[in-house]
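Observations on chain architecture
Each chain, letter by letter, is given below.
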Amino acid sequence: PLELMGEPGEQRSKHPFVQHRMPPMTEAVARRALLRFVSSRCCYGSRVAGELAIQCLRQAGTYRYRLETFSESRLSEWVFEPFTKPRAAGPPGDAPMDLWDMEVVSPPFFQGRTWRCRLPHSALVRDCHRCHGHGRSKCRVCHGAGRTRCVTCKGSRRRLKQQKRCQLCSGTGRKRCNTCSGRGSKTCATCQGEKKLQHFKQLVITWKNDVFEFVSEHHLNFPGEILSKVSGERIFKDENVMVYPIIDFPEPEISLASQRAIAEHSAALAMSSRIRRQRQTIELIPITEVHYQYSGKPYLYYIYGLENKVYALDYPERCCCSCTII
């Protein structure tokens, strides 16, 4: 809604961002993280992790921006059911209401869900289109004849080898259809024998949570996509019916990502949905570069996220190369 957008000078979120420090990393914590990492890999030896000599710990960090947009979309579809209650649907007295006039209880914010309900004043009763109002439909096995070819003599009326009259079909070559019990027709599966169908409009409401995520450049020698699997320290949160782009964040990439995310979500949802709630957050993901020596050679590994996950590109004690290193 336009009234939520405010004045032009208020259309950006400007907040005093406080400088956050990353939790300190010690040699003991770095070694435990590596031991936990190698113990989860079948072909990584733990001896190196216990004997290596840590040279230095270089702490860095990167920011993760996330925008969540909780939206609601509505559509109607015609459905039908067997008409079993003559008084259930009379002629519609009022015009069907607008889809957005229907009051419903929405789920908790940022949780996707789909809900269906019948629109009032939309029911119509018609003859079943499958059986044309007869309540029964022609059997597809015997095509309405009530009898099918005998499976023993294959319609020849005699046993093929003995040349005697087939006892199963009494020499007629045909037997009663088991599907329809010889009646030639079955209860209509569409109207369930009621002969009429009640057609009505069904409202389908979909609540969806769209997520935009961006991780700033870290300039380190490991893949940035693994950072999406860990958590960081939340340093900023903004939640409202609609949020505005962040400006003047110490990392310019985050401000640009905020502007792009809000514009993309607004453009994607403007025509088909209504935005119910938005939430944007910034997390500081700690990364520690651990330099160590083993057998006189230099190596390094990375510890990232609050979970102290490890990425070891060139771990010196590996018996095979079938395991992943992440």
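Above this text you will find the structure in question.
Residues numbered from 1 in each chain as written. Predicted model: local features only at pLDDT ≥ 70, side-chain atom pairs only at ≥ 80, totals over all residues. Heavy atoms only, no water.

Some points on the packing of aromatic side chains
Taken as a whole and judged by the stated rule, the model has 10 aromatic pairs. With a centroid separation of 4.9 Å and 35° between ring planes, the pair formed by Phe 222 and Tyr 302 is classed as tilted. Of this pair, Phe 222 sits in the loop between β8 (196-215) and β9 (233-240) while Tyr 302 sits in strand β11 (residues 297-304), placing them 80 residues apart in sequence. Three or more aromatic residues joined by ring pairs make a cluster, and in this case those are Phe 222, Tyr 302, Tyr 304 and Tyr 311. The cationic tip of Arg 118 hangs over the ring face of Phe 200; the distance from NZ or CZ to the ring centre is 3.8 Å. When the ring centre of Trp 100 is taken as reference, the NZ or CZ atom of Arg 274 above it lies at 4.0 Å. (Phe/Tyr/Trp six-rings, centres within 6.5 Å; stacked < 30°, edge-to-face > 60°. Helix = DSSP H or I, 4+ residues; strand = E, 2+ residues; numbered from the N terminus. Lys NZ or Arg CZ within 6 Å of the ring centre and 35° of its normal.)

Regarding the pairing of strand β1 (residues 53-82)
The pairing of β1 with strand β10 (residues 274-294) spans 19 bridges and is classified as antiparallel. Bridge pairing links Ala 53 to Gln 293 in β10. Alignment of β1 against β8, held across 19 bridges, turns out to be antiparallel. Bridge pairing in β8 links Pro 82 to Leu 197. (Pairing = 2+ DSSP bridges.)

A look at helix α3 (residues 252-269)
Over its 18 residues, α3 extends 26 Å from the first C-alpha to the last, a length consistent with the 26 Å expected when each residue adds 1.5 Å. Those residues of α3 that fall on the buried side of the exposure criterion are Ile 254, Ser 255, Ala 257, Ser 258, Ala 261, Ile 262, His 265 and Leu 269. End-on, the buried residues of α3 take up no more than an arc of 160°, which puts them together on one face. Across α3 from its buried face, at more than 90 degrees, point the exposed residues Pro 252, Leu 256 and Ala 267. In the core, the buried residues of α3 are packed alongside β1, β8 and β10. (Expected span 1.5 Å × (residues − 1). Buried < 20%, exposed > 50% of the residue type's maximum accessible area, 1.4 Å probe, protein only. Arc of directions from axis to C-beta. Contact = heavy atoms within 4.5 Å.)

Some points on the nonpolar core
Judged by nonpolar contacts, the single largest core of 21 residues is most densely connected at Leu 34, Tyr 292, Tyr 301, Ile 303, Val 310 and Tyr 315. For this core, the secondary structure elements donating two or more residues are α1 (27-39), α2 (47-51), β10 and β11. The leading source of residues in this core is α1, at 5 residues. Ignoring anything within four residues of it in the chain, the contact list for Ile 303 reads Met 25, Ala 30, Ala 33, Pro 286, Ile 287, Thr 288, Val 290, Asn 308, Lys 309 and Val 310. Core analysis: the second largest hydrophobic core is formed by 16 residues, Tyr 65, Phe 212, Ile 254 and Ile 262 among them. (Core = buried A, V, L, I, M, F, W, Y, C linked by side-chain atoms within 4.5 Å.)

What about the environment of Cys 191?
Take Cys 191: it is sitting in the loop between β7 (185-187) and β8. Sequence spacing of Cys 191 and His 134 is 57 residues, and the spatial spacing of their C-alpha atoms is 9.7 Å. Look past the residues within four positions of Cys 191 in its chain and what remains in contact with it is Pro 82, Cys 128, Cys 131, Gly 135, Lys 196 and Leu 197.

A closer look at the pattern of salt bridges
Under the definition given, this model contains 16 salt bridges. We note a salt bridge from Glu 81 to Arg 118, for which the minimum N-O separation is 2.8 Å. Here Arg 118 lies in strand β2 (residues 113-118) and Glu 81 lies in strand β1, a separation of 37 residues in the sequence. By relative accessible area, Glu 81 is classed as partly exposed at 30%. A salt bridge links Lys 196 to Asp 127, with the shortest nitrogen-to-oxygen separation between them at 2.8 Å. Here the residue Lys 196 occupies a position in strand β8, and Asp 127 occupies one in strand β3 (residues 124-127), the gap between them amounting to 69 residues. Assessed through its relative accessible area of 35%, Lys 196 is described here as partly exposed. When salt bridges that share partners are traced, they join Glu 68, Lys 237, Glu 239, Arg 277 and Arg 279 into one network. (Salt bridge = Lys/Arg side-chain N within 4 Å of Asp/Glu carboxyl O.)

Things to note about a positive patch on the surface
Taken together, Arg 147, Arg 149, Lys 154 and Arg 174 make up a surface patch of like positive charges. As for its placement among the helices and strands, Lys 154 is situated in the loop between β5 (147-149) and β6 (174-176). Judged by its relative accessible area of 53%, Lys 154 falls in the exposed class. (Patch = residues over 30% accessible without salt bridge, like charges linked within 9 Å, V, L, I, M, F, W, Y side chains within 5 Å. Areas by Shrake-Rupley, 256 points an atom, 1.4 Å probe, with all protein chains shown as cover. Lys, Arg positive; Asp, Glu negative; His and termini not counted. Charge placed at Lys NZ, Arg CZ, Asp CG, Glu CD.)

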